[in-house]
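Geometric and topological summary
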Amino acid sequence: MSDCLFCKIIAGEIPSSIVYEDDTVFAFRDIDPQAPVHFLVIPKAHIPSCGAVTPENSAVVAHCFEVISQVTKEQGIESFRVVSNCGEQAGQSVPHLHFHVLAGRDLSWPPG
Ligand code: 5GP
Ligand code: ZN
């Protein structure tokens, strides 16, 4: 999608600190980290949010979680949180499905 921030990051039109990339998934450091480790894992296909996952596109969501498992292992991260905000009230500010991976400090629960 041409006017989507994360599609532009995937295309390299906006620079990012890449953590992982393959044919279908991209991961990069969050520009405003909320923890010592904070990166985003996103499908390259433009899926607006968790609310737009269907049987037709869900394989890439499973792959996002494989990437999360692989990258955290490679980085020696044993404890981490995965968050996906869906919709404005939940705090979603970029309408391209993304999974926040947060680690490196105590994380409170429940979230605010
Ligand atoms: P959301 O608020 O939709 O759950 O998460 C969007 C995330 O994208 C935020 O944590 C925000 O800091 C991050 N973000 C917004 N713009 C950019 C950018 O241009 N580059 C990077 N690396 N992260 C961004
Ligand atoms: Zn997009």
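Heads up: the structure comes first, above all this text.
I will try to describe carefully the structure that is included in this document. (Residues numbered from 1 in each chain as written. Chains lettered and ligands numbered in written order. Predicted model: local features only at pLDDT ≥ 70, side-chain atom pairs only at ≥ 80, totals over all residues. Heavy atoms only, no water.)

In the first shell of the zinc ion (ligand 2), the protein supplies Cys4 (SG), Cys7 (SG), His46 (ND1) and His96 (ND1), at 2.1 to 2.3 Å from the metal. One can describe the site at the zinc ion (ligand 2) as tetrahedral: its 4 donor atoms subtend angles covering 105 to 116° at the metal. Between consecutive donor residues of the zinc ion (ligand 2), the sequence gaps follow C-x2-C-x38-H-x49-H. You can see Cys7 sitting in helix α1 (residues 5-10) and its partner His46 sitting in the loop between β3 (37-43) and α2 (58-74), a full 39 residues away along the chain. Assessed through its relative accessible area of 26%, His46 is described here as partly exposed. (Donors = N, O, S within 2.8 Å, 3.2 Å for Na, K, Ca; no water. Tetrahedral: all angles 85-135°; square planar, octahedral: opposite > 155°, others 65-115°. Helix = DSSP H or I, 4+ residues; strand = E, 2+ residues; numbered from the N terminus. Buried < 20%, exposed > 50% of the residue type's maximum accessible area, 1.4 Å probe, protein only.)

A word on the pattern of salt bridges. Enumeration over the complete set of coordinates arrives at 1 salt bridge. The salt bridge partner of Lys44 is Glu21, with a shortest N-O separation of 2.8 Å. Of this pair, Lys44 sits in the loop between β3 and α2 while Glu21 sits in strand β1 (residues 18-21); the two residues are 23 residues apart in sequence, bridging distant segments of the chain. Since its relative accessible area comes to 23%, Lys44 is described here as partly exposed. (Salt bridge = Lys/Arg side-chain N within 4 Å of Asp/Glu carboxyl O.)

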